[in-house]
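Below are the chains, spelled out letter by letter.
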Amino acid sequence: MSSQPADIAAVAVVGVATVVAGSFGLRRARTTGDFYVASRVVSPRWNAAAIGGEYLSAASFLGIAGLILAYGFDVLWYPVGYTAGYLVLLALVAAPLRRSGAYTVPDFAQIRLGAPFVRGTASVLVVVIGWLYLVPQLQGASLTLSTQTGAPTWTGGLVVCAVVLVAVAVGGMRSITFAQALQFWLKFIALLLPAFVLIAVWQHRGDTVGRGYPRAPEHTVVSVNVATTVRVQAAETLDVDGSMDGAPASGPLRLAPGTHRIGAHTSVVLERGDVVPIVTSLPAQRTASWLRPLGSGTDHPLYASLSLIIAICLGTMGLPHVLVRFYTNPDGRDARRTTVVVIALLSAFYLLPTLYGAFGRRYVPDLLLTGKTDATVLLLPERMIGGDLGVLLGALVTAGAFAAFLSTASGLTVSVAGVISQDVLRRSRERGRPQRIRSFRLAAVAAIVVPYLLSLPSQHLGLAAVVGLAFALAAATFCPLLVLGIWWRGLTDVGALAGLIVGGVLATAAVLTTIVVRPDHGWSAALLAQPAAWAVPLTFVTMVGVSVATRARVRRDVGLVMVRLHAPEPVVAEIAALAHTTRA
Amino acid sequence: MTTPPARVRITHPRTEAARRAPVRPAIREIDEQTQLGEIYMSSLIRSQRRLAISIVSTIGVLLAGLSLATAVAPHLAEVRMFGIPLPWLLLGLIVYPVLIALAWYTTRHAERNERAFADLVRRR
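What follows concerns the overall build of chain A. Helices and strands together make up the secondary structure of chain A, namely 24 helices and seven strands. For 584 residues, the compact-globule estimate of 2.2 N^0.38 gives 25 Å, and chain A sits close to it at 25 Å. Principal-axis analysis of the C-alpha atoms places the extent of chain A at approximately 90 × 50 × 40 Å. Counting the 584 residues in chain A, one finds 58% classified as buried. Long-range pairs, those at least 24 residues apart, make up 82% of the contacts in chain A with a sequence separation of at least 6.

Structure follows, in structure tokens:
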């Protein structure tokens with residue numbers, strides 16, 4: 001049984017199911033409100049699964065396990081941060097944000113500060129963060145499809161674009177709420193079932209992880225498609241077919257320790273027990289160091305861990321697709337309860353990528369040669385289990401991966417498109433409902449096609465790393481805006497604007513430098529790769545400082561806004577009733 | 001000789017007359033943005049803010065503490081439970097129930113603050 005048809009079938013089933021769920025929702029999407037945020041009548045349990053479904057992206061499903069294989073213990077901070085981010089969100093913004101009644105961060109800025117220029121800046125940032133987050137989803141889709149079926153690397157992303165556009169265009173948010181909730185369970189089961197079998201196989205074999213450099217567990221043929229520089233740890237003889245160090249090679253080749261250049265379209269054969277040459281962009285570390293905290297072989301690992309924790313914990317609240325989900329809760333209390341369920345669901349899910357990453361180190365270390373470690377989760381079932389069961393479980397994992405790309409990509413597309421259609425195609429606000437929905441559909445196309453084009457030349461960047469940059473930007477801009485806006489009366493429109501600009505420019509500059517220049521040594525590289533630890537405090541200081549300096553601009557009716565954000569809904573309803581009786 | 005003080009009528013407070021003293025529900029103070037209303041609102045916001053800050057600092061201490069502990073005491077990595085190195089067990093498994101418990105506590109506490117506020121402003 002070849003794995004290709006099973007994988008293609010899995011992708012097709014997930015894609016068709018998403019579109020069907022989308023058209024199912026169409027019958028119920030009646031008003032513009034339905035279209036954008038499901039009219040806020042989704043029950044907390046559905047909503048929690050939908051939030052989980054939307055949140056667990058390519059980075060969670062594929063990226064974490066791949067990073068664990070390559071870097072080891074330090075990567076565990078990613079899933080912990082992804083979960084703790086919701087706890088921070090719960091404590092700081094969940095209920096007040098829902099009570100503000102805003103659809104998006106720009107809406108929140110408008111409601112809290114009443115200044116169109118802050119709204120505009122926030123809109124630009126939503127689009128940038130959304131695009132930064134969409135790129136790795138589409139990259140992941142391309143990687144999955146090419147790993148599993150040998151399709152060209154541009155196809156997977158295109159499939160995701162098409163399915164998302166059809167699903168979003170026909171149903172809007174309501175339809176994807178149901179689709180998202182189902183996709184959470186699909187993703188969870190797609191990792192859980194194979195994990196049970198993997199554990200059984202591992203127990204049965206009684207394999208242990210050695211302490212030295214990773215060794216191939218069995219005869220493996222590695223195809224190197226693009227020229228790659230690898231580091232060989234100890235002198236060894238490998239079968240190479242293609243070119244090595246600029247000379248054509250065919251047959252056994254003695255490799256001295258050090259770096260070697262493998263030419264494009266070369267295949268390298270690893271026999272059982274061979275030490276795997278490791279691509280130079282990844283750390284070459286012994287497994288003993290891989291197991292240890294701060295042993296990941298990057299510079300300044302303690303700073304990197306701490307800054308990453310800050311970025312993820314504070315960035316979660318600023319992600320466009322996460323925020324928009326909170327408006328589908330009926331009220332502030334339900335927004336909090338939903339968040340607790342989300343944290344429980346994420347906690348269960350995130351036990352699994354760790355397991356896959358650790359198994360990956362033992363059973364698919366050859367990925368270190370090409371550096372395509374994001375494929376760890378996809379390859380493990382077939383490699384470890386083999387046979388028809390392995391193929392079936394591999395197809396299940398592929399389905400789960402596509403569910404991950406589709407759900408996150410559609411959630412992001414809806415929220416980015418919402419902002420584009422409201423704030424960029426601004427005139428549409430005055431027009432009728434059909435025009436508004438048409439402009440939303442147009443905006444959806446822009447929302448996903450741009451990141452698709454960006455994803456094509458950036459295949460070499462790790463999934464979780466790009467997602468980490470999106471988190472850092474969100475943490476450095478929206479987190480201070482939301483936190484100060486909700487908890488501090490003194491925030492002014494000018495202060496918010498200054499903070500958004502400072503945080504946005506600093507974080508974007510760091511992100512761009514990291515992606516384009518790729519510095520890889522010393523403090524400057526560490527500071528630029530993980531900008532949250534310095535950019536977030538700077539933004540807070542700017543917002544507070546400028547707000548204090550422009551104290552006179554604090555809204556006169558800030559008290560009323562605070563009532564709206566913090567008073568429980570029943571009390572607010574009574575206030576409204578009271579106001580009605582006295583003024584009538 | 002001074003004139004005796006004018007007679008005054010003393011009523012027991014538990015009568016209709018006493019109860020009908022000018023009463024303004026607190027909710028009206030909030031509606032009209034009076035100083036008293038502001039005080040009610042500030043007390044709610046302050047209690048919720050205190051909760052938020054304490055939870056966020058707990059998370060900070062927990063995560064930064066774990067990260068620093070593994071940095072200053074690398075021999076922790078050699079301790080194994082059930083064959084798994086202690087740091088992996090802590091960060092891969094044990095931290096999650098702690099996060100869930102904190103979330104549950106946050107929600108319960110925030111709802112309690114809101115109930116107290118609702119009772120306060122409805123009292124007449």
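What follows covers the nonpolar core. All names here are of chain A. Of all hydrophobic cores here, the largest spans 216 residues; its most connected members are Leu473 and Ala475. The element best represented in this core is helix H17 (residues 387-424), accounting for 19 residues. Setting aside residues no more than four positions away along its own chain, Ala475 makes contact with Ile310, Ala311, Leu314, Gly315, Gly318, Ala532 and Val536.

This paragraph deals with helix H13 (residues 332-349) of chain A. Over its 18 residues, H13(A) runs 26 Å from end to end, which matches the ideal 26 Å to within 8%, given 1.5 Å per residue. For H13(A), a buried count of 16 out of 18 residues is recorded, marking the element as mostly surrounded by other parts of the structure.

This brings us to the environment of A:Val13. Mapped onto the fold, A:Val13 is located in helix H1 (residues 3-26). Placed 389 residues apart in sequence, A:Val13 and A:Phe402 show a C-alpha to C-alpha distance of 9.9 Å.

Listed per partner, the contact involves 43 residues of chain A and 42 residues of chain B. Of the residues belonging to the side of chain A that touches chain B, the class tally is 31 nonpolar, seven polar and five charged.

Let us now look at unusual backbone geometry. All names here are of chain A. Phi is positive for Asp245, close to 50°, though the residue is something other than glycine. By secondary structure assignment, the location of Asp245 is in the loop between strand E3 (236-244) and strand E4 (247-255). Here the phi dihedral of His265 falls at roughly 55°; this positive angle occurs in a residue that is not glycine. For His265, the position within the fold is in the loop between strand E5 (258-262) and strand E6 (266-270).

This part covers the confidence of the model for chain B. On average, chain B scores 80 in pLDDT, and the residues at 70 or more come to 77%. For chain B, the element scoring lowest by mean pLDDT is helix H1 (residues 16-19) of chain B, at 50; helix H4 (residues 86-122) of chain B scores highest, at 91.

So, on to the packing of helix H4 (residues 58-71) of chain A against helix H14 (residues 351-363) of chain A. Between two packed helices, what matters for the description is the angle formed by their axes and the separation of those axes. Residue and element names in this part refer to chain A. The N-to-C vectors of H4 and H14 enclose an angle of 40°; their axes lie 7 Å apart at closest approach. When the axis of H4 is compared with that of H14, the two are oblique. Pair H4 / H14 crosses with right-handed handedness. Residue-level contacts link Ser60, Ile64, Ala65, Ile68 and Leu69 of H4 to Pro353, Thr354, Tyr356, Gly357, Ala358, Gly360 and Arg361 of H14. Across the contact of H4 with H14, the residue classes break down as seven nonpolar, four polar and one charged.

It is worth spelling out the packing of helix H7 (residues 105-113) of chain A against helix H8 (residues 116-149) of chain A at this point. Residues and elements named next belong to chain A. Where H7 contacts H8, the axes come no closer than 8 Å and their chain directions differ by 165°. With respect to their mutual orientation, H7 and H8 come out roughly antiparallel. At the point where H7 passes H8, the crossing takes the right-handed sense. In contact with Val105, Pro106, Ala109, Gln110 and Leu113 of H7, H8 contributes Val118, Arg119, Ala122, Ser123 and Val126.

Reading the values: the criteria
- Residues numbered from 1 in each chain as written.
- Chains lettered and ligands numbered in written order.
- Predicted model: local features only at pLDDT ≥ 70, side-chain atom pairs only at ≥ 80, totals over all residues.
- Helix = DSSP H or I, 4+ residues; strand = E, 2+ residues; numbered from the N terminus.
- Rg over C-alpha atoms; globule rule 2.2 N^0.38 Å.
- Buried ≥ 20, exposed ≤ 12 C-beta atoms within 10 Å, placed from the backbone.
- Contact = placed C-beta atoms within 7 Å.
- Core = buried A, V, L, I, M, F, W, Y, C linked by C-beta atoms within 7 Å.
- Expected span 1.5 Å × (residues − 1).
- Nonpolar A, V, L, I, M, F, W, Y, C, P; charged D, E, K, R; others polar.
- pLDDT = per-residue confidence, 0-100.
- Axes fitted to C-alpha atoms, helices over the stretch in contact; angles between N-to-C directions.
- Parallel < 35°, antiparallel > 145°, perpendicular 65-115°, else oblique.
- Left-handed = near helix turned anticlockwise from the far one by under 90°.

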